[in-house]
Structures are given as C-alpha cells and as structure tokens.
Amino acid sequence: MTENQLFSILSTFTKYCFVILLYVFIISIVKMIYKDMSSILEVEKNLPDTVSPFLKIHDINNDEDSTIVDLTKRRVLIGRSKACDIRLDDLLVSSKHFLLWWDKNEWHIKDLNSKNGTLLNGERIDEPYLLDDGDRIRAGEFELEFKTHLNKKQNA
C-alpha cells in the first residue's frame, strides 16, 4: 500500500466521521429545541382544575360591583398596557406593574419596578412574596383580593 493510498483511505474515513459527527450534532440540537419548546408549551397550559384561584378587582373610586377574574394561566401580567393579561386602566398603574405566577404548588407576586409600587396587605413589596388566600394587592386606585378556595358567588 502506497502512501497516497493510505492518505486517500484516511481522508475518506475522516470525511465520513466528520459527516457522522455533524449529523449527531444537528440531531442533538433538534432534540434540545424540542425539549425547550415542550417545556414552554407546558408552562402555557392552563392550570389543573384543582387550582382555581381568582382575583376580585375593585376600583376604589367606583362603588360599582367588583370584577372577578379567574387565574387560568401559570403567569399573569398585570398593568396598564394592552399586552397585559389583566389590564388596570389607571394612570397610577405602570404599563407592566406586577406579576403573579404559579410555581411549586404556590402562587407568587412580584412588583415589576413599578413607579408607584405594589402594596401587599398594606405594605409595599420590593421582592417576590408567596400569596395566601385573602391577600389584598393594591396598584394605583385598584385593590385586588386574591382568592383560592371560596365560592366566587359568595364573594362577589
């Protein structure tokens, strides 16, 4: 076997190894993307029926009935912007004021650096907190009561 033949065989072998490695790499990337997309879709799914919290929203300046909003998503953005899941039409409310999210079987709240702040049970929050049934959230001229277990009709 000559040196040229050996080089040709090694060159061909190296090419095939490279192609195989390239395919393995591409398949790994596709699997990672699939897993990532699956987890995103899982987060966006509705909450199980066993968890049916809602917010009772009351405009402090308006004595009309409160509005009840079911929390059916795992992440609920609240603010003045049209991009928010729950929109509070008040100039004292920031465009993206605060966030509620469901994680590890508990609801959490976080102020999103709003200009006028978010009050939880009368105290301004500046870090994430766990929510309990009956907690009162204040943003601008709106008070939102977080309810988890009680019948909505009894609380309306």
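The model shown is predicted, which means the values in this text are computed figures rather than measured ones. All residue numbers refer to position in the chain's written sequence, counted from 1. Local features in a predicted model are, by the rule used here, given only for residues with pLDDT of at least 70; side-chain atom pairs are given and counted only at 80 or more, and totals for whole chains, interfaces and linings are based on all residues. With hydrogens and water excluded, all non-hydrogen atoms of the structure serve as input to the side-chain values.

**Section: the overall build of the protein chain**
Selection rule: Segments assigned H or I by DSSP are reported as helices when at least four residues long, segments assigned E as strands when at least two residues long, and all are numbered from the N terminus. For each residue, the accessible area found with a 1.4 Å probe, counting protein chains only, is set against the maximum for its type, and the residue is called buried under 20%, exposed over 50%, and partly exposed in between. Two residues form a contact once any of their heavy atoms are found within 4.5 Å. In short, Shrake-Rupley with a 1.4 Å probe defines the accessible areas, and a residue's cover is counted only from the protein chains shown.
Along its length, the protein chain carries 2 helices and 11 strands. Along the protein chain, helices and strands appear, N-terminal first, in the series α-β-β-β-β-β-β-β-β-β-β-β-α. Evaluated residue by residue, the protein chain yields a buried proportion of 29% over its 156 residues. For the protein chain, long-range pairs separated by at least 24 residues make up 39% of all intrachain contacts whose partners lie at least 6 apart in sequence. Here the protein chain displays about 11300 Å² of accessible surface, and carbon together with sulfur accounts for 54% of that area.

**Looking at the sheet that holds strand β8 (residues 123-125)**
Worth spelling out the cut-off: Strand pairing is assigned whenever DSSP detects at least two bridges linking the two strands. Only the contacting stretch of a helix is used when fitting its axis, a line to C-alpha atoms as for every element, and angles between N-to-C directions run 0 to 180 degrees.
On the basis of which strands lie adjacent, the open sheet formed by 6 strands has the order β2-β1-β11-β10-β7-β8 and antiparallel pairing. Looking along the sheet, the strands with just one partner apiece sit at the ends: β2 (67-70) and β8. This sheet shows a mean twist of 30° between the axes of neighbouring strands, independent of strand direction. As defined by bridge partners, strand β10 (residues 136-139) adjoins strand β11 (residues 142-147) across 4 bridges and the pair is classed as antiparallel. Residue pairing for β11: Arg136 is matched across the bridge by Glu145.

**Considerations on the nonpolar core**
Test applied: What is meant by a nonpolar core is a set of buried Ala, Val, Leu, Ile, Met, Phe, Trp, Tyr and Cys residues, joined one to another through side-chain atoms within 4.5 Å.
Core analysis: the largest hydrophobic core is formed by 21 residues, its most contacted members being Leu55, Ile78, Leu88, Leu100 and Leu144. Going through the elements one at a time, β1 (54-59), β3 (75-79), β5 (98-103), β6 (106-111), β10 and β11 are the ones with two or more residues in this core. For Ile78, the residues in contact, after removing those within four places along its chain, are Leu55, Cys84, Ile86, Leu88, Lys96, His97, Phe98, Leu100 and Leu144.

**Let's talk about the packing of aromatic side chains**
What counts here: Pairing of aromatic side chains here covers Phe, Tyr and the six-membered ring of Trp, requires ring centres within 6.5 Å, and sorts the geometry by plane angle: under 30 degrees stacked, over 60 edge-to-face, intermediate tilted.
The tally for this structure, following the rule as stated, stands at 2 aromatic pairs. Judged by centre distance (5.7 Å) and plane angle (55°), the ring pair of Trp102 and Trp107 falls under tilted. For the residue pair Trp102 and Trp107, the accessibility class agrees, reading buried in each case.

**A closer look at the confidence of the model for the protein chain**
Cut-off, in case you're wondering: A score between 0 and 100, pLDDT records how confident the predictor is in each residue.
Here the protein chain averages 87 in pLDDT, and 87% of its residues register 70 or above. The weakest mean pLDDT in the protein chain belongs to helix α2 (residues 152-155) at 46; the strongest belongs to strand β7 (residues 118-120) at 97. Low confidence marks residues 152-156, where pLDDT is under 50. Its contacts with residues over four positions away, or in another chain, come to 9 contacts.

**Section: the side chain of Asp135**
Put simply, the rule is: Under this definition, polar contacts are N or O atom pairs within 3.5 Å; protein pairs additionally need one hydrogen-donor-capable and one acceptor-capable atom, and for neighbouring residues in sequence, both atoms have to be side-chain atoms.
Mapping Asp135 onto the fold places it in the loop between β9 (129-130) and β10. Reaching out from Asp135, the side chain makes a polar contact with the side chain of Asn121 at a distance of 2.9 Å. What Asp135 contacts, discounting residues up to four positions off in sequence, is Leu120, Asn121, Leu130, Leu144, Glu145 and Phe146.

**Some points on a negative patch on the surface**
Going by this rule: Any residue with relative accessible area above 30% and no salt bridge may belong to a patch, with like charges joined within 9 Å and the nonpolar Val, Leu, Ile, Met, Phe, Trp and Tyr side chains within 5 Å. Whenever a carboxyl oxygen of Asp or Glu lies within 4 Å of a side-chain nitrogen of Lys or Arg, that contact is scored as a salt bridge. Charge counting treats Lys and Arg as positive and Asp and Glu as negative, with His and both chain ends excluded. Charge placement uses NZ in Lys and CZ in Arg. For Asp and Glu, CG and CD serve respectively.
A cluster of acidic residues, Asp103, Glu106, Asp132 and Asp133, forms a negative patch on the protein surface. The residue Asp132 is located in the loop between β9 and β10 in this model.

**Re a nonpolar patch on the surface**
Judged by side-chain polarity, Phe18, Val19, Leu22, Tyr23, Phe25, Ile26, Ile27 and Val30 come together as a nonpolar surface patch covering roughly 810 Å² of accessible area. The residue Val30 is located in helix α1 (residues 3-44) in this model.

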